Amino acid sequence: DVCSSDLKCVVSFLFLLVALRMHAQDTEIWMYPNKGQWNEAVLYQIPLDGGKIYFEKDRFTYHFYESIKHHSHTSKRNAATPNSKIHNHVIQQEFIGANPTAFFPGEKKSDHYINYFLGNDSSKWQTKLFGTQEVTYSNFYPNIDLFIDASNQSLEYSFKIAPKIDPSIIQYVL
């Protein structure tokens, strides 16, 4: 099913939920680029308390999980037992017909950086990854750009549509 008004309400609610979760973090929101430290489908990631958002070529993936702050298994002495569970929810918003080769022009970089030392394969380690608060997918649809803005402790996305372009080509499924 292509997005109906009910789905638009769900997506709006989902973004509201993400915004509230981010606001509760009381920190700035940063998007970090994938330089090989994650699955190749991921272009950018936003870490959250209790979740992550992944921006991919034609979709957003929202991954929510119980925050470790709410789990009693926080030290080796109290390591998780085989019956321990951390509940997860993953929702994908796939944009139908989006350009998988959309261009990503330069972005404003943060003053800080993070490092990823994941696993034993040092070729997947990445250092000095600067975050950004703005990402643009140029020509996400023909003559339509997708803009993601994470400034001012809020997250939103919008489309810049060229004159005389039919906005109904922007469609998604959940």
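Computed from a predicted model, the values in this text were never measured in an experiment.

What counts and how
Residues numbered from 1 in each chain as written. Predicted model: local features only at pLDDT ≥ 70, side-chain atom pairs only at ≥ 80, totals over all residues. Heavy atoms only, no water. Salt bridge = Lys/Arg side-chain N within 4 Å of Asp/Glu carboxyl O. Buried < 20%, exposed > 50% of the residue type's maximum accessible area, 1.4 Å probe, protein only. Helix = DSSP H or I, 4+ residues; strand = E, 2+ residues; numbered from the N terminus. Pairing = 2+ DSSP bridges. Phe/Tyr/Trp six-rings, centres within 6.5 Å; stacked < 30°, edge-to-face > 60°.

Peer 1: With reference to specific residues and values, describe the pattern of salt bridges.
Peer 2: If you walk through the whole model with that rule in mind, you get two salt bridges. Put simply, Arg-59 and Asp-58 hold a salt bridge, and the shortest N to O gap is 3.1 Å. With a relative accessible area of 18%, Arg-59 lands in the buried category. With its nearest N and O atoms 3.7 Å apart, the salt bridge here joins Arg-59 to Glu-94. Pair noted here: Arg-59 is in strand S4 (residues 59-65) and Glu-94 is in strand S5 (residues 88-96), with a separation of 35 residues, a long-range link. The exposure class of Glu-94 is partly exposed, given its relative accessible area of 26%. Where salt bridges share partners, they join Asp-58, Arg-59 and Glu-94 into one cluster.

Peer 1: Now, about the pairing of strand S10 (residues 156-161): what can you tell me, with residues and values included?
Peer 2: Two strands pair when backbone bridges link them, and strand S9 (residues 144-149) and S10 are joined in this way by six bridges, in the antiparallel orientation. Paired with Asp-149 across the bridge in S10 is Glu-156. With antiparallel pairing between neighbouring strands as the criterion, S9 and S10 make up a hairpin whose turn holds six residues, including Asn-152 at a positive phi of roughly 55°.

Peer 1: Outline the packing of aromatic side chains, supporting the account with residue identities and numerical values.
Peer 2: Counting across every chain of the model gives 14 aromatic pairs. An angle of 90° between the planes, with centres 5.9 Å apart, marks the rings of Tyr-157 and Phe-159 as edge-to-face. Ring pairing ties together the aromatic residues Phe-55, Phe-60, Phe-95, Tyr-137, Phe-140, Tyr-141, Tyr-157, Phe-159 and Tyr-172, which thus form one cluster.

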